[in-house]
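Remarks on the overall topology
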Amino acid sequence: MRTTAAVLWEPGGKWEIEEVELDSPHAGEVMVELTASGLCHSDEHLVTGDLPAVLPMVGGHEGAGRVIEVGPGVTELEVGDPVVMTFLPSCGRCPYCSKGQPNLCNDGAGATLGPQLDGTYRFHARGEDLGQMCLLGTFARHTVVPVKSAVKIDEGFPLDLAALVGCGVTTGFGSSVRTADLRAGDTAVVIGVGGIGANAVQGARAAGCRYVVAVDPVEHKRERSRELGATHVAASIDEAWEIVSEVTRGQMAEAAILCTGVAMGDDLQPALQLVGKRGRVVVTALARAEEETASLSLLDLTLYEKQIRGALFGSSAAQFDIPRLLEMHNLGHLKLRELITKEYTLDQVNEGYEDMRSGRNIRGLIRY
């Protein structure tokens with residue numbers, strides 16, 4: 001079939017709206033007609049080259065829609081099923097899935113390489129094969145994805161809101177409740193209140209933290225973080241240190257979650273100073289691929305048993321966590337619509353990312 005997609009042809013370029021050819025699903029795949037796609041910062045990393053990828057590529061990795069065709073051998077989903085697509089497939093059988101770590105599934109190893117799991121391509125344009133961001137390509141009205149990357153959800157849940165749970169909500173929320181292992185009475189600091197950090201704030205609140213300090217230089221993001229559960233806000237890490245030191249009587253936070261647009265090596269030591277003994281610094285933000293140097297006090301790690309943890313998809317399990325988070329929304333325990341700063345059409349995708357770069361968006365949403 002023919003459909004419309006936003007394609008990145010070269011690093012540093014803009015997303016170009018193309019009429020593309022989409023193949024039918026192969027074995028173990030489904031075709032989805034999308035309702036909405038989130039504008040996540042990770043796709044911006046493709047543009048800047050921070051995230052290595054093979055181009056050209058159909059962007060987008062946060063979306064929801066309905067199955068309109070199933071490939072051979074697919075029994076888990078049927079035509080008409082509402083699904084959220086997750087940017088990390090989980091096979092359920094590799095060593096990591098078997099250990100309860102499906103976010104580290106071996107099938108996710110080539111997520112930015114372009115082709116599908118069988119090494120072939122579903123999108124084509126200008127006589128070339130087009131890759132799919134994280135095997136998805138949600139910057140397209142229609143796409144073909146592995147059934148391992150699709151999570152069936154309850155009928156009737158708004159699919160525009162469900163789209164957000166494919167990446168940003170689950171990653172941020174899980175960074176607090178899973179990777180950081182926050183518990184009732186803890187103090188948490190969230191550094192960066194964008195599409196991920198906003199949900200790290202929600203996760204810290206849901207975990208029962210007595211203090212949640214949101215750090216962002218943009219005033220409207222700080223104010224929005226209060227609506228999502230932050231008890232205190234700060235414009236800088238130095239300001240946050242003063243707040244945390246005062247409210248904890250010098251004990252400092254149990255966790256600091258780094259959710260900045262781009263993680264830098266010199267972010268670690270300031271974050272480590274925000275946490276106390278056995279405190280955790282969770283690095284959820286993506287760094288540039290060539291970033292290999294970090295500044296930190298090794299003495300702090302030893303003498304105070306501080307820890308640095310990486311977080312991929314918030315250490316979450318898509319098939320379990322996505323339906324649970326949607327149910328939390330239904331019960332009034334998780335805000336989703338409040339995360340959407342502005343909606344765009346597909347041909348406004350570049351405008352959406354300009355708004356994100358300028359700090360005007362917490363989360364932009366493409367509505368089809």
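Residues numbered from 1 in each chain as written. Predicted model: local features only at pLDDT ≥ 70, side-chain atom pairs only at ≥ 80, totals over all residues. Heavy atoms only, no water.

Topic: the nonpolar core
Grouped together as the largest cluster of nonpolar side chains are 81 residues, with contacts concentrated most on Trp15, Phe139, Leu182 and Leu336. Listed in part, the 21 residues of the second largest apolar core include Ala234, Leu258, Ala271 and Val275. (Core = buried A, V, L, I, M, F, W, Y, C linked by side-chain atoms within 4.5 Å. Buried < 20%, exposed > 50% of the residue type's maximum accessible area, 1.4 Å probe, protein only.)

As for the environment of Gly174
Looking at the secondary structure, you find Gly174 in helix 4 (residues 168-179). The buried category is assigned to Gly174, whose relative accessible area is 3%. Taking C-alpha positions, Gly174 is 15 Å from Val212, a pair spaced 38 residues apart along the chain. Ignoring any residue separated from it by four or fewer positions in sequence, one finds Gly174 in contact with Val169, Thr179, Gly314 and Ser316. (Helix = DSSP H or I, 4+ residues; strand = E, 2+ residues; numbered from the N terminus. Contact = heavy atoms within 4.5 Å.)

Observations concerning a negative patch on the surface
Among the surface-exposed residues, Asp266, Glu290, Glu291 and Glu292 lie close enough to one another that they form a single negatively charged patch. Looking at the element boundaries, Glu292 is found in the loop between strand 15 (275-283) and helix 9 (298-303). The class of Glu292 is exposed, set by a relative accessible area of 74%. (Patch = residues over 30% accessible without salt bridge, like charges linked within 9 Å, V, L, I, M, F, W, Y side chains within 5 Å. Areas by Shrake-Rupley, 256 points an atom, 1.4 Å probe, with all protein chains shown as cover. Salt bridge = Lys/Arg side-chain N within 4 Å of Asp/Glu carboxyl O. Lys, Arg positive; Asp, Glu negative; His and termini not counted. Charge placed at Lys NZ, Arg CZ, Asp CG, Glu CD.)

A closer look at a nonpolar patch on the surface
Taken together, Tyr96, Leu104 and Leu312 make up a surface patch of nonpolar side chains, about 240 Å² in accessible area. Residue Tyr96 is classed as partly exposed on the basis of its relative accessible area of 33%.

Examining the pattern of salt bridges
Here the structure, examined in full by the defined rule, presents 27 salt bridges. The closest approach of N and O atoms between Asp81 and Lys152, which form a salt bridge, is 3.6 Å. Of this pair, Asp81 sits in the loop between strand 5 (63-70) and strand 6 (82-85) while Lys152 sits in strand 10 (residues 150-152); the two residues are 71 residues apart in sequence, bridging distant segments of the chain. Judged by its relative accessible area of 46%, Lys152 is partly exposed.

Some points on the packing of aromatic side chains
Evaluated as defined, the whole model comprises three aromatic pairs. Ring centres of Trp15 and Phe139 lie 5.4 Å apart, and the angle between their planes is 85°; this geometry places the pair in the edge-to-face category. A residue pair is termed long-range when its members are at least 10 positions apart, and Trp15 in the loop between strand 1 (2-8) and strand 2 (16-22) and Phe139 in the loop between strand 8 (128-132) and strand 9 (142-146) qualify at 124 residues. With a relative accessible area of 5%, Trp15 lands in the buried category. Aromatic side chains Phe87 and Phe313 sit 5.1 Å apart centroid to centroid with 85° between the ring planes, which places their arrangement in the edge-to-face category. Pair noted here: Phe87 is in the loop between strand 6 and helix 2 (95-98) and Phe313 is in the loop between strand 16 (307-310) and helix 10 (318-330), with a separation of 226 residues, a long-range link. Of the two residues, Phe87 and Phe313, neither departs from the other in class, the shared state being buried. Ring pairs connect the aromatic residues Trp15, Phe139 and Tyr353, which therefore count as one cluster. (Phe/Tyr/Trp six-rings, centres within 6.5 Å; stacked < 30°, edge-to-face > 60°.)

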